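# Survey of secondary and tertiary structure
The lines below spell out each chain.
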Amino acid sequence: MTLSREDVGSFLGLIVHDLRNPAATLTANIDFLREGTIDDTDAREALDDVSLALGELKQGLDQVSWVGKWLLDQPVMSNADGDILIALNQAIERSGTTNVEVITSLDQAPAKGGSSASRVLEILLADIRRHVRSGTIRASVKQESGRTIVELTDPGRAIAGELREAAFTLGGQHQLKGRADGRYGRFAGLLAAWIATSSVGGTLEACGEDGQATFRLSLESK
C-alpha cells in the first residue's frame, strides 16, 4: 500500500487531535493537585516533574501538528513582522535556558515572520540543552544583505557534515536518532523548526564545528 502526503498529514492531524484531549485533562488535574494542600515534599516534586513532562508532550504535539499541516500544504505559522530580539528573549525565558549570552549591536531587529521566530528559537534552545551539558550559549543577532540572522552557538558537538541537510528533512530523522553528532530533537524537533522557518520564507542551517556548533536562522529584514 502506498500512502500519499495527504494520507500521512491527515493521519498525524487526527492523532494530535485525539491526544490533545487527554493532555488537557491531565493538565487541569495536575494544576488542581499542585494548588491543593499537599504537604509531602516528595509528592510535590513528583507533581512538578509530571507537569514538566506534560509541557514537553504538549509542545511535541504542536510540532507534530506542524509536520501534518506541512504535508497537507496548509499554513503552519504566521508571517507577521516581529522583532527578532524580542522573539529571542521570549524563547530564552520560555525554555528556561539561563546560560545564554546575547551578542548584538542592534536596538531592534524587525523581520518578516519575526512574530513566529520565538517558537523556532525555543526548539533550537531545547535541542542544545538536550545535547550540551554545560557551557555558555552565544546568541548573536545581526543584519546583512537584507536579512536578519540569529546564530546560536554552543560548545557541544556539531551535527556531522553528512547529516546537515538530512537533519531538516522528514526522511532524515531516523538518521539522527542515536548519533551523538546527529543531535536529534524530540518529536522531530529540527524538522519542525525547519517547517516553521520555511513557512515564513526563512532558512535554517546547521553549521560550525565541534566546540562551536551553530544553528543559523535567517529571515527577511523589514
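Values in this document were obtained by computation on a predicted structure and should not be read as measured data. (Residues numbered from 1 in each chain as written. Predicted model: local features only at pLDDT ≥ 70, side-chain atom pairs only at ≥ 80, totals over all residues. Heavy atoms only, no water.)

## With respect to the layout of surface pockets
If you add up the space inside the largest pocket, you get close to 660 Å³. Taken together, 21 residues line the largest pocket, and the ones lying closest to its centre are Glu-56, Gln-59, Glu-122, Ala-126 and Arg-129. Put simply, the parts of the chain that give the lining of the largest pocket at least two residues each are helix H2 (41-71), helix H3 (84-95), helix H4 (117-131) and helix H6 (189-198). The class makeup of the residues in the lining of the largest pocket is five nonpolar, eight polar and eight charged. (1 Å grid on protein atoms, 1.4 Å probe; cavity = no way out; pocket = protein on both sides within 12 Å on 5 of 7 lines; lining within 4 Å. Points joined across faces, edges and corners; volume = space filled by probe spheres on them. Helix = DSSP H or I, 4+ residues; strand = E, 2+ residues; numbered from the N terminus. Nonpolar A, V, L, I, M, F, W, Y, C, P; charged D, E, K, R; others polar.)

## Overview of a negative patch on the surface
Taken together, the side chains of Asp-39, Asp-40, Asp-42, Glu-45 and Asp-49 make up a negatively charged region of the molecular surface. Positionally, Asp-40 belongs in the loop between helix H1 (5-35) and H2. Judged by its relative accessible area of 43%, Asp-40 falls in the partly exposed class. (Patch = residues over 30% accessible without salt bridge, like charges linked within 9 Å, V, L, I, M, F, W, Y side chains within 5 Å. Areas by Shrake-Rupley, 256 points an atom, 1.4 Å probe, with all protein chains shown as cover. Salt bridge = Lys/Arg side-chain N within 4 Å of Asp/Glu carboxyl O. Lys, Arg positive; Asp, Glu negative; His and termini not counted. Charge placed at Lys NZ, Arg CZ, Asp CG, Glu CD. Buried < 20%, exposed > 50% of the residue type's maximum accessible area, 1.4 Å probe, protein only.)

## What to know about the packing of H2 against H6
Relative orientation of the contacting elements H2 and H6 amounts to 55°, with a least axis distance of 9 Å. The angle between H2 and H6 places the two elements in the oblique class. Helix-helix and strand crossings are classified by hand; for H2 and H6 the assignment is left-handed. On H6, the residues touching Gln-63, Trp-66, Val-67 and Trp-70 of H2 are Gly-189, Leu-191, Ala-192, Trp-194, Ile-195 and Ala-196. A class-by-class count of the residues in the contact of H2 with H6 yields eight nonpolar, two polar and no charged. (Axes fitted to C-alpha atoms, helices over the stretch in contact; angles between N-to-C directions. Parallel < 35°, antiparallel > 145°, perpendicular 65-115°, else oblique. Left-handed = near helix turned anticlockwise from the far one by under 90°. Contact = heavy atoms within 4.5 Å.)

## Regarding the nonpolar core
Counting residues in hydrophobic clusters, the biggest one holds 47 residues, and the most contacted among them are Trp-66, Ile-84, Leu-124, Leu-152, Leu-190, Phe-215 and Leu-217. For this core, the secondary structure elements donating two or more residues are H2, H3, H4, strand E4 (137-144), strand E5 (147-154), H6, strand E6 (203-209) and strand E7 (212-220). Among the elements that line this core, the one with the most residues is H4, at seven residues. The residues contacting Trp-66, other than those within four sequence positions of it, are Gln-59, Val-76, Met-77, Arg-119, Ile-123, Ala-192, Ile-195 and Ala-196. With five residues, the next largest nonpolar core counts Val-16, Ile-30, Leu-54 and Leu-61 among its residues. (Core = buried A, V, L, I, M, F, W, Y, C linked by side-chain atoms within 4.5 Å.)

## Examining unusual backbone geometry
For Ser-145, which is not glycine, the phi torsion reads 50° and is therefore positive. Looking at the secondary structure, you find Ser-145 in the loop between E4 and E5. Of note, Ala-188 is a non-glycine position whose phi angle comes to about 55°, a positive value. Structurally, Ala-188 can be placed in the loop between helix H5 (173-176) and H6.

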